[in-house]
Amino acid sequence: MKRILIIRIDFLGDLVCTTALIRSIKQRWPAAELHVLANRDNQEVLLNNPDVTQCHTYVYSKHRERNRRPGRLATLVDRWELIWRLRRLHVDLLVIPNGGMHKNSIQFARQLNARDNRWHDAETGFDDRNPVHVANRALRHEALSGYALMPELGHINIDALRLQLYPVPDIRARWQTFFGNRTRPRIGLFISNKSSRRRWPIEKWRQLAATLSPQGEVFVFHHPTELPMTPIAARSLVTPSVKELVAAMSLLDLVISADSAPVHISSALQIPVVALFEARPEKYRRWYPLVRHELLYAGPEVASIPVEAVVAAVHRLVLSTEEVK
């Protein structure tokens, strides 16, 4: 093995879940160059990762607004430049570690002339939107989906799996100044979620913050376009990039979030998590945090989870022992 390419051009949390596989591949073939094809939104997850030789940025042919340069012609030029650049690597092994079939990744991979191509197909993939898959196919954590394609790596124990993130030191130092001296456990509330089924009501976030504030330093993380409609008794943070988010999160003692990227970023940073899920085993058994955690679900939507259940989970993880870094 001289060069290996991993393609992961979907969501931020998905790439975080792939960092354990990246580490295992590098340990198996330490002399090989390990390249990753990511997208513009998730590539910063790999900053400072010592296992990655180079991270390449995917060019979308249809969604041109997501590309480095706007315009149809620029998109076509940049896409073909990327294809030829990756072809010139003469990749020995190409892996698409998605648990399900990711059509954009597979279509792109077919143009790269890799010697050995591995991805899940219609027989081995798992789609939680497909009731036949849910009823008949074995569930595995998404972090293990790539290992299923790599028998060379041997048996992997999910309990021993470790995700990998490396906060940028100077950015982390700046956030340390913002947070100030730690006097109580720092608790991060991640209130934004694109999916309505995974969105906890803002009123419940407000009640939770008010309840936890006497015992912990509570910080509210939210997307810049999703400002809280109701005042929350906590300091508000907006992180303009993934590297800023990772650096700020690395200073927390506990994260509370619905099923989304912060759950997996916390896992990689070894921060305990209270994770809010829909009551669907095909979701929470596939995406639960790989760190000490409390998993909560109560109905078909995250909104069904009561505030009292979250408060109790926080006390079990942190406040009862006042565990801080």
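Below: a short report on this structure. (Residues numbered from 1 in each chain as written. Predicted model: local features only at pLDDT ≥ 70, side-chain atom pairs only at ≥ 80, totals over all residues. Heavy atoms only, no water.)

### Looking at the overall build of the protein chain
Of the regular secondary structure elements, the protein chain holds 10 helices and 11 strands. On C-alpha atoms alone, the protein chain measures out to a radius of gyration of 20 Å, which is about the 20 Å that the 2.2 N^0.38 rule sets for 325 residues. Counting only C-alpha atoms and orienting by the principal axes, one finds that the protein chain spans roughly 60 × 45 × 40 Å. Sorting the 325 residues of the protein chain into buried and exposed places 53% on the buried side. Across the protein chain, the fraction of contacts at a sequence separation of at least 24, relative to all contacts at a separation of at least 6, is 64%. (Helix = DSSP H or I, 4+ residues; strand = E, 2+ residues; numbered from the N terminus. Rg over C-alpha atoms; globule rule 2.2 N^0.38 Å. Buried < 20%, exposed > 50% of the residue type's maximum accessible area, 1.4 Å probe, protein only. Contact = heavy atoms within 4.5 Å.)

### Looking at the pairing of strand E2 (residues 33-38)
Across the six residues that make up E2, a large majority, five, are buried. Sheet topology note: the strand E1 (residues 3-7)/E2 ladder contains five bridges and is parallel. For Leu-5, the partnering residue across the bridge sits in E2 and is His-35. Considered for its hand, the β-α-β crossover made up of E1, helix H1 (residues 12-28) and E2 is right-handed. (Pairing = 2+ DSSP bridges. Right-handed = clockwise from strand over helix to strand, strands pointing away.)

### With respect to the packing of helix H5 (residues 169-179) against helix H7 (residues 242-249)
The contact between H5 and H7 brings their axes to 8 Å, and the two run at 55°. Overall, the two elements H5 and H7 adopt an arrangement that is oblique. Every pair of crossing elements has a handedness; the one defined by H5 and H7 is right-handed. Where H5 abuts H7, its residues Ile-171, Arg-172, Arg-174, Trp-175 and Phe-179 lie against Lys-243, Glu-244, Ala-247 and Ala-248. (Axes fitted to C-alpha atoms, helices over the stretch in contact; angles between N-to-C directions. Parallel < 35°, antiparallel > 145°, perpendicular 65-115°, else oblique. Left-handed = near helix turned anticlockwise from the far one by under 90°.)

### Brief notes about helix H2 (residues 72-87)
For H2, which comprises 16 residues, the first-to-last C-alpha distance of 23 Å matches the rise-based estimate of 22 Å (1.5 Å per residue) to within 8%. All of the buried residues along H2 are Ala-74, Thr-75, Asp-78, Arg-79, Leu-82, Ile-83 and Leu-86. The arc that holds the buried residues of H2, viewed along the axis, is 165°, so those residues lie on one side. Buried residues along H2 sit in contact with E1, E2, strand E3 (54-57) and helix H3 (103-109). (Expected span 1.5 Å × (residues − 1). Arc of directions from axis to C-beta.)

### Examining the nonpolar core
In this structure, Ile-25, Met-150, Leu-161, Phe-221, Met-249, Leu-252 and Ile-265 are the most contacted members of the largest nonpolar core, which totals 61 residues. If you tally residues by element for this core, the top one is H1, at eight residues. Once residues lying within four places of it in the same chain are set aside, the contact partners of Ile-265 are Leu-12, Val-16, Leu-165, Leu-245, Val-246 and Met-249. One finds Ile-187, Ile-191, Leu-208 and Leu-317 within the second-largest nonpolar core, a separate group that totals 25 residues. (Core = buried A, V, L, I, M, F, W, Y, C linked by side-chain atoms within 4.5 Å.)

### Some points on empty space enclosed by the protein
As enumerated under the stated definition, the model contains three cavities of 30 Å³ or more in all. Taken together, Gly-99, Phe-126, Ala-138, Leu-139, Arg-140, Glu-142, Ser-145 and Arg-286 make up the lining of the largest cavity. A class-by-class count of the residues in the lining of the largest cavity yields three nonpolar, two polar and three charged. One number sums up the size of the second largest cavity: a volume of about 40 Å³. Looking at the lining of the second largest cavity residue by residue, the classes come out as seven nonpolar, no polar and two charged. (1 Å grid on protein atoms, 1.4 Å probe; cavity = no way out; pocket = protein on both sides within 12 Å on 5 of 7 lines; lining within 4 Å. Points joined across faces, edges and corners; volume = space filled by probe spheres on them. Nonpolar A, V, L, I, M, F, W, Y, C, P; charged D, E, K, R; others polar.)

### Topic: the side chain of Ser-267
Along the chain, Ser-267 falls in helix H8 (residues 261-268). Since its relative accessible area comes to 0%, Ser-267 is described here as buried. Once residues lying within four places of it in the same chain are set aside, the contact partners of Ser-267 are Leu-163, Pro-289, Leu-290 and Val-291.

### So, the sheet that holds E1
Taking strand neighbours across the sheet as the criterion, the five strands line up as E3-E2-E1-E4-E5 in an open arrangement whose pairing is parallel. Two strands bound the open sheet, and with one partner strand each, they are E3 and strand E5 (116-119). In this sheet, adjacent strand axes meet at a mean angle of 20° when their direction is disregarded. This element, H1, spans E1 and E2 of the sheet and lies at about 165° to E2. H2 contacts E1, E2 and E3 of the sheet and is inclined by roughly 150° relative to E3.

### A closer look at the environment of His-315
With respect to the helices, strands and loops of the structure, His-315 is situated in helix H10 (residues 307-319). Given the relative accessible area of 26%, His-315 is considered partly exposed. Sequence separation of His-315 and Leu-212 is 103 residues, and the distance between their C-alpha atoms is 9.5 Å.

### Some remarks on the sheet that holds strand E8 (residues 235-237)
The six strands lie next to each other as E8-E7-E6-E9-E10-E11, forming an open sheet whose pairing is parallel. The open sheet is flanked by E8 and strand E11 (293-296), the only strands paired with a single partner. Neighbour to neighbour, the strand axes of the sheet diverge by 20° on average, direction disregarded. Where strand E10 (residues 273-276) lies against E11, four bridges are found, and the strand directions are parallel. Note on E11: the bridge partner recorded for Leu-276 is Leu-296. The strands that H5 touches are strand E6 (186-190), strand E7 (217-221) and E8; relative to E8, the one it contacts most, it runs at about 160°. Lying over the sheet, H8 contacts E6, strand E9 (254-258) and E10, oriented at roughly 150° with respect to E9.

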